[in-house]
Amino acid sequence: MKHNGYEFDNYFKNHPDMDGFFGKYGGAYVSDELKRAMAEITEAYFTIAKSSKFIGDLRRIRKEFQGRPTPVSHLERLSGSLGNVQLYVKREDLNHTGAHKLNHCMGEVLLAKYMGKKKVIAETGAGQHGVALATAAAYFGLECDIYMGSVDIKKQAPNVARMKILGANVVEVTHGLQTLKEAVDAAFEAYTKEYKDAIYCIGSVVGPHPFPMMVRDFQSVVGIEAREQFLEMTGELPDAVVACVGGGSNAMGMFSGFLNDPVDIYGVEPLGRGEVLGDHAASLKYGTEGIMHGFNSVMLKDENGEPAPVYSVASGLDYPSSGPEHAYLRDLGRVKYDVVDDEETIDAFFKLSRMEGIIPAIESSHAVAFGMRLAKQMERGSILICLSGRGDKDMDYIIEKYGIR
Ligand SMILES: *Cc1c(COP(=O)(O)O)cnc(C)c1O
């Protein structure tokens, strides 16, 4: 169907185009050597990952290992406290390892295995992607090198322990600020040397083509399941769908199920402490067009045009860019992007915990907060929120910073 005059009937067949572009966003801005490696992955994706054998394997793994389909839950008490609008959540917190990230990691590592690779490589900041990838590598029996800055290694000790227990090799990056940016550079450098035997596994719908497409497609199981489940539960489609956007993978997965429906779609970015550059990570709202990490999208830049420092109470959302498809869907007007600050997020975190018995990840609490805000604005109808992960990982931080409310 058409939205804003734009036809979405064959959207997935035409997006991205052959070169990995969503309009002007996307592409593969990498060295010639890495271009060849990306072309090899793209080729493998379109042949191997579209084969019935691969699809059959992935379906079985999702069911028997990940515990999919994850349910959709009606938030009866929370909805009742806000008015007449009914809130629902897609429970990615119940996916194995406690978040949606495993959906694309299992797909990426299964593809690596089919391609005959021996190792997977990635960087991690807060450690969530590292843990998901280490889990997938353990399952498939592949080596796993996770690059991580020294500062993050100290901060994220429990996730470092998890990765090591899962058999991953955590490579400490000791130069520069010793955080995510340096880890990305180190991981790319290692991959350039090892790409014959290894594959780089990106943690969101970002990076050079084919990753934004591949990660979206592997995550689309979230939206496809949720749409079916919601129809079965209520006999109709939700009026609105909401997800938080860091790089944008849980959101793209969820939105994929509803782009061609008469449903309003909202992506929620972290406003952090406020609108000043450095206090938030809302690249779709405040960023400008720019290339980083191998793709063209929107970006928060410092005065030199380099990626700016960003902040969010949720470590999984503090990325200075967003996936190219989000920038495209924003420009088309198909998805509306809005922001929620730390305070509103933490309020939603406690409300969902207290009223529904679900402790959400702080990332996901951004989506819940926006859903609650929207529920107060709408008079009736229903809102489906992607609950991207569970909050166990955030307990120490919440207690230390906010106490028990
Ligand atoms: C990593 C993470 C996110 C942010 O990543 P996206 O690619 O934007 O989905 C959101 N929620 C949770 C629970 C995460 O771990």
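What counts and what doesn't
- Residues numbered from 1 in each chain as written.
- Predicted model: local features only at pLDDT ≥ 70, side-chain atom pairs only at ≥ 80, totals over all residues.
- Heavy atoms only, no water.
- Helix = DSSP H or I, 4+ residues; strand = E, 2+ residues; numbered from the N terminus.
- Contact = heavy atoms within 4.5 Å.
- Buried < 20%, exposed > 50% of the residue type's maximum accessible area, 1.4 Å probe, protein only.
- Axes fitted to C-alpha atoms, helices over the stretch in contact; angles between N-to-C directions.
- Parallel < 35°, antiparallel > 145°, perpendicular 65-115°, else oblique.
- Left-handed = near helix turned anticlockwise from the far one by under 90°.
- Nonpolar A, V, L, I, M, F, W, Y, C, P; charged D, E, K, R; others polar.
- Near = heavy atom within 4 Å.
- Polar contact = N/O pair within 3.5 Å; in protein donor to acceptor, adjacent residues only side chain to side chain.
- Areas by Shrake-Rupley, 256 points an atom, 1.4 Å probe, with all protein chains shown as cover.
- Core = buried A, V, L, I, M, F, W, Y, C linked by side-chain atoms within 4.5 Å.
- Domains from an automatic or database assignment.
- Phe/Tyr/Trp six-rings, centres within 6.5 Å; stacked < 30°, edge-to-face > 60°.
- Lys NZ or Arg CZ within 6 Å of the ring centre and 35° of its normal.
- 1 Å grid on protein atoms, 1.4 Å probe; cavity = no way out; pocket = protein on both sides within 12 Å on 5 of 7 lines; lining within 4 Å.
- Points joined across faces, edges and corners; volume = space filled by probe spheres on them.

S.K.: It is not clear to me how the environment of Met 148 should be interpreted in this structure. Could you clarify?
M.R.: Position of Met 148 among the secondary structure elements: in strand E8 (residues 143-149). Sequence separation of Met 148 and Ala 183 is 35 residues, and the distance between their C-alpha atoms is 5.1 Å. Residue contacts for Met 148: discarding those within four places in its chain leaves Thr 124, Gly 125, Gly 127, Ile 153, Gln 156, Val 160, Met 163, Val 170, Val 171, Glu 172, Val 173 and Ala 183.

S.K.: Looking at this model, I keep getting lost on the environment of Pro 262. Mind explaining?
M.R.: One can find Pro 262 in the loop between helix H11 (249-256) and strand E12 (264-272). A relative accessible area of 59% means that Pro 262 is categorised as exposed. A C-alpha to C-alpha distance of 27 Å links Pro 262 and Ser 297, two positions 35 residues apart in sequence. Residue contacts for Pro 262: discarding those within four places in its chain leaves Met 1, His 3 and Leu 237.

S.K.: Teacher, can you tell me more about the packing of helix H5 (residues 101-114) against helix H6 (residues 128-140) here?
M.R.: For the pair H5 and H6, the least separation of the axes is 9 Å and the interaxial angle reads 40°. It follows that H5 is oblique to H6 by the angle criterion. In the crossing of H5 with H6, the sense of the turn from one axis to the other is right-handed. On H6, the residues that touch Lys 101, Leu 102, His 104, Cys 105, Met 106, Val 109, Leu 110 and Lys 113 of H5 are Gln 128, His 129, Ala 132, Leu 133, Thr 135, Ala 136, Ala 137, Tyr 139 and Phe 140. Class assignment of the residues belonging to the contact of H5 with H6 gives a composition of eleven nonpolar, four polar and two charged.

S.K.: Teacher, can you tell me more about the site of the ligand here?
M.R.: Taken together, 16 residues surround the ligand, and among them Lys 101, Ser 204, Gly 248, Ser 249 and Ser 388 come closest. Lys 101 is positioned such that a nitrogen or oxygen atom in its side chain is 2.6 Å from an oxygen atom of the ligand. A total of 380 Å² of accessible area belongs to the ligand in isolation, and the protein chains cover 97% of it.

S.K.: Looking at this model, I keep getting lost on the nonpolar core. Mind explaining?
M.R.: Most often, soluble globular proteins keep nonpolar side chains buried together rather than apart. Core analysis: the biggest nonpolar cluster contains 62 residues, and Ile 41, Leu 111, Val 120, Leu 133 and Tyr 191 have the highest contact counts within it. Residue assignment places this core across two domains, with domain 1 (21-62 + 101-211) and domain 2 (67-99 + 220-402) each supplying three or more. Counting residues in hydrophobic clusters, the runner-up holds 35 residues, among them Leu 78, Leu 87, Cys 244 and Ala 375.

S.K.: Even after reading the chapter, I still don't get the packing of aromatic side chains, so can you show me in this structure?
M.R.: The description of two aromatic rings rests on the distance between their centres and on the angle between their planes. Counting across every chain of the model gives 17 aromatic pairs. The interplanar angle of 75° and the centroid separation of 4.8 Å between the aromatic rings of Tyr 88 and Phe 230 together place this pair among those described as edge-to-face. Of the two residues, Tyr 88 sits in strand E6 (residues 86-91) while Phe 230 sits in helix H10 (residues 211-234), which places them 142 residues apart along the sequence. Judged by its relative accessible area of 9%, Tyr 88 is buried. Given the relative accessible area of 1%, Phe 230 is considered buried. Ring centres of Tyr 139 and Phe 140 lie 4.9 Å apart, and the angle between their planes is 80°; this geometry places the pair in the edge-to-face category. Exposure remark for Tyr 139: the relative accessible area of 33% places this residue in the partly exposed category. The ring of Tyr 311 carries Arg 273 above its face, with NZ or CZ at 3.8 Å from the centroid. The ring centre of Phe 8 lies 5.9 Å from the NZ or CZ of Arg 334, which sits over that ring.

S.K.: Teacher, can you tell me more about unusual backbone geometry here?
M.R.: Glycine aside, negative phi is the norm for most residues, and most peptide bonds take the trans geometry. In this model, Arg 68 is joined to Pro 69 through a cis peptide bond whose omega is 0°. Along the chain, Pro 69 falls in the loop between helix H3 (52-66) and strand E5 (72-75). At Asn 4, a residue that is not glycine, the phi angle is positive and equals roughly 50°. Take Asn 4: it is sitting in the loop between strand E1 (2-3) and strand E2 (6-7). If you check the backbone angles, Thr 97 has positive phi at about 75° while not being a glycine. When you line up the elements, Thr 97 lands in the loop between E6 and H5.

S.K.: How should I be thinking about empty space enclosed by the protein in this particular structure?
M.R.: Any empty space left between the atoms is revealed when a probe the size of a water molecule rolls over them. The full count for this structure, using the stated rule, is one cavity of 30 Å³ or more. The computed volume of the largest cavity comes to approximately 50 Å³. What lines the largest cavity is simply Thr 97, Ala 99, Lys 101, Leu 102, Gln 128, Val 131 and Ala 132. Of all the secondary structure elements, the ones that give two or more residues to the lining of the largest cavity are H5 and H6. Considering every element that reaches the lining of the largest cavity, the biggest residue donor is H6, with three residues.

S.K.: I'm lost on the layout of surface pockets in this one. Help?
M.R.: Considered as a void within the structure, the second largest pocket measures approximately 910 Å³ in volume. Taken together, the elements giving at least two residues each to the lining of the second largest pocket come down to helix H1 (11-14), helix H2 (32-47), H3 and H10. Top element by residues in the lining of the second largest pocket is H10. It accounts for nine residues. A breakdown of the residues in the lining of the second largest pocket according to their chemical character gives 14 nonpolar, six polar and eleven charged. Here the lining of the second largest pocket spans two domains, and each of domain 1 (21-62 + 101-211) and domain 2 (67-99 + 220-402) adds at least three residues to it.

S.K.: Sorry, what's going on with the environment of Phe 211 here?
M.R.: Among the secondary structure elements, Phe 211 is positioned in helix H10. Through-space distance from the C-alpha of Phe 211 to that of Phe 46 is 12 Å; in sequence the pair is 165 residues apart. When residues no more than four places from it in sequence are discounted, the contact partners of Phe 211 are Met 38, Ile 41, Glu 108, Tyr 200, Cys 201, Ile 202, Val 206 and Arg 216.

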